[in-house]
Amino acid sequence: MVLTTSRHPLEAAKRTIPSPGAGEVLIRILACGVCRTDLHIVDGELTGPKLPLVPGHEIIGRVEQSGDAADRFALGDRVGVGWLGFACGECTYCVADRENLCNNALFTGYTVDGGYAAYTLARERYCFQAPAAYEPAEAAPLMCAGLIGYRSLVKAGDAQRLGIYGFGAAAHIITQVARHQERQVYAFTRPGDQEGQTFARELGAAWAGGSSEAPPEELDAAIIFAPVGALVPAALRAVRKGGTVVCGGIHMSDIPSFPYEFLWGERMVCSVANITRRDAEEFLALAPMVPIRTQVRTFPLEQANEALAELRSGLVHGAAVLVP
Ligand SMILES: [Zn+2]
Ligand SMILES: [Zn+2]
């Protein structure tokens, strides 16, 4: 699948301003981050998207209009919208306080239209007050890279020596949180990516190297943000007995087979799926306390394909953000 931004559907999206339904708000988009998940959707690695689709789930915008029974936000409020667009509140996962696993969830920029546009509609219960300390383009990557990074960090437990594989948008945000919590970060980039390793050290990583290298010390846990299955056995070899490997991405290439001894010693592998609204509330409150500084590269909305191409090339250090 190719994202057809050439005059269509983005141009069409800009011309047509929809009206909010019950419980919805109309948001004028100020910035929308470009996430690796958008690439997985555009490339067809995530199947069954709404079609035609407006991608984008790292939205910062202003409330322009509220539908019936939508009164959480005043007109003009600056809000953020992330990946979780709706959860049913009734399935076994929702009632167990695990709405990130909801059987009937809707996802922004995947199963409902997202933020590569001038306007979008969102259910107000899945919108958040945007942190006031940030410009819209700086805040946009917090809405997914930051949130998924935060949920991944929580899954890593109290690990002091934390490995991070894949040093893109999520890693650059969560390294700052980990440093704030006085953990040591060991950053793994593509082999030979000196620029990425320098970037990681500048953000406070104790060590940075290529993903094929062994860290100088055993790790307590590792988070894998790169969509590369071969990193799972690599990370398992780098963590100590009882350590955890957290797979933070929504898609990964196949994990190669590996000897049981890599897992032996009560090591654990887990994944992170989506986010809950509580994750968002906790993380958006934490961000200005750290304070997290996002490094963003902005693109005009019309250059969505160029932004996606840069992300695919792995050359974006920090986060790409579209500005209408
Ligand atoms: Zn549910
Ligand atoms: Zn995302």
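This report concerns the structure included in the present document. Only a predicted model underlies this, so the values are computations on that prediction, with no experimental measurement involved.

## Brief notes about the coordination of the zinc ion (ligand 1)
Piece 1. Note on the zinc ion (ligand 1): its protein donors are Cys 88 (SG), Cys 91 (SG), Cys 94 (SG) and Cys 102 (SG). The metal-donor distances range over 2.3 to 2.4 Å.
Piece 2. One can describe the donor arrangement at the zinc ion (ligand 1) as tetrahedral, given that its four donor atoms subtend angles of 104 to 118° at the metal.
Piece 3. All donors of the zinc ion (ligand 1) belong to a single chain; written as a sequence motif, their spacing is C-x2-C-x2-C-x7-C.

## Side note on the pattern of salt bridges
When the charged atoms of two side chains lie near each other, side chains of opposite charge can form a pair.
Piece 1. Taken as a whole and assessed by the stated rule, the structure comprises nine salt bridges.
Piece 2. For Glu 64, the salt bridge is made with Arg 28, and the minimal N-O distance between the two is 3.2 Å. Of the two residues, Glu 64 sits in strand E2 (residues 59-66) while Arg 28 sits in strand E1 (residues 24-34), which places them 36 residues apart along the sequence.
Piece 3. The class for Glu 64 is partly exposed, based on a relative accessible area of 36%.
Piece 4. Its relative accessible area of 32% is what places Arg 28 among the partly exposed residues.
Piece 5. Here Asp 220 makes a salt bridge to Arg 240, at a shortest N to O gap of 2.7 Å. Residue Asp 220 is found in strand E11 (residues 219-224), and its partner Arg 240 is found in strand E12 (residues 239-247); the two are separated by 20 residues along the sequence.

## Re the coordination of the zinc ion (ligand 2)
Piece 1. All of the protein donors around the zinc ion (ligand 2) are Cys 35 (SG), His 57 (NE2) and Cys 144 (SG); their distances to the metal are 2.0 to 2.2 Å.
Piece 2. Counting the intervening residues between successive donors of the zinc ion (ligand 2) yields the motif C-x21-H-x86-C. One end of the pair, Cys 35, is in the loop between E1 and helix H2 (36-42); the other, His 57, is in the loop between H2 and E2, and 22 residues separate them in sequence. Neither residue differs from the other here; Cys 35 and His 57 are each classed as buried.

## Here's the deal with the side chain of His 57
Piece 1. Residue classification places His 57 among the buried residues on the basis of a relative accessible area of 0%.
Piece 2. At a separation of 3.2 Å, a polar atom in the side chain of His 57 contacts the side chain of Asp 38.

## Section: the packing of helix H5 (residues 145-155) against helix H9 (residues 277-286)
Piece 1. Packing of H5 against H9 leaves a shortest axis separation of 10 Å and a crossing angle of 105°. What the angle tells us is that H5 and H9 run roughly perpendicular. For the pair H5 and H9, the contacting residues are Gly 146, Leu 147, Tyr 150 and Arg 151 in the first and Asp 279, Ala 280, Glu 282, Phe 283 and Leu 286 in the second.
Piece 2. Partitioning the contact of H5 with H9 into residue classes produces five nonpolar, one polar and three charged.

## Some details on the packing of H5 against helix H6 (residues 169-180)
Piece 1. Running from N to C, H5 and H6 point in directions that differ by 55°, and their axes come no closer than 8 Å. In terms of axis orientation, H5 runs oblique to H6. Between H5 and H6 lies a crossing of right-handed hand. Of the residues in H6, those in contact with Ala 145, Gly 146, Gly 149, Tyr 150 and Leu 153 of H5 are Ala 169, Ala 170, Ile 173, Ile 174, Val 177 and Ala 178.
Piece 2. Taken together, the residues that form the contact of H5 with H6 break down as nine nonpolar, two polar and no charged.

Each value, and the rule that gives it
- Residues numbered from 1 in each chain as written.
- Chains lettered and ligands numbered in written order.
- Predicted model: local features only at pLDDT ≥ 70, side-chain atom pairs only at ≥ 80, totals over all residues.
- Heavy atoms only, no water.
- Donors = N, O, S within 2.8 Å, 3.2 Å for Na, K, Ca; no water.
- Tetrahedral: all angles 85-135°; square planar, octahedral: opposite > 155°, others 65-115°.
- Salt bridge = Lys/Arg side-chain N within 4 Å of Asp/Glu carboxyl O.
- Helix = DSSP H or I, 4+ residues; strand = E, 2+ residues; numbered from the N terminus.
- Buried < 20%, exposed > 50% of the residue type's maximum accessible area, 1.4 Å probe, protein only.
- Polar contact = N/O pair within 3.5 Å; in protein donor to acceptor, adjacent residues only side chain to side chain.
- Axes fitted to C-alpha atoms, helices over the stretch in contact; angles between N-to-C directions.
- Parallel < 35°, antiparallel > 145°, perpendicular 65-115°, else oblique.
- Contact = heavy atoms within 4.5 Å.
- Nonpolar A, V, L, I, M, F, W, Y, C, P; charged D, E, K, R; others polar.
- Left-handed = near helix turned anticlockwise from the far one by under 90°.

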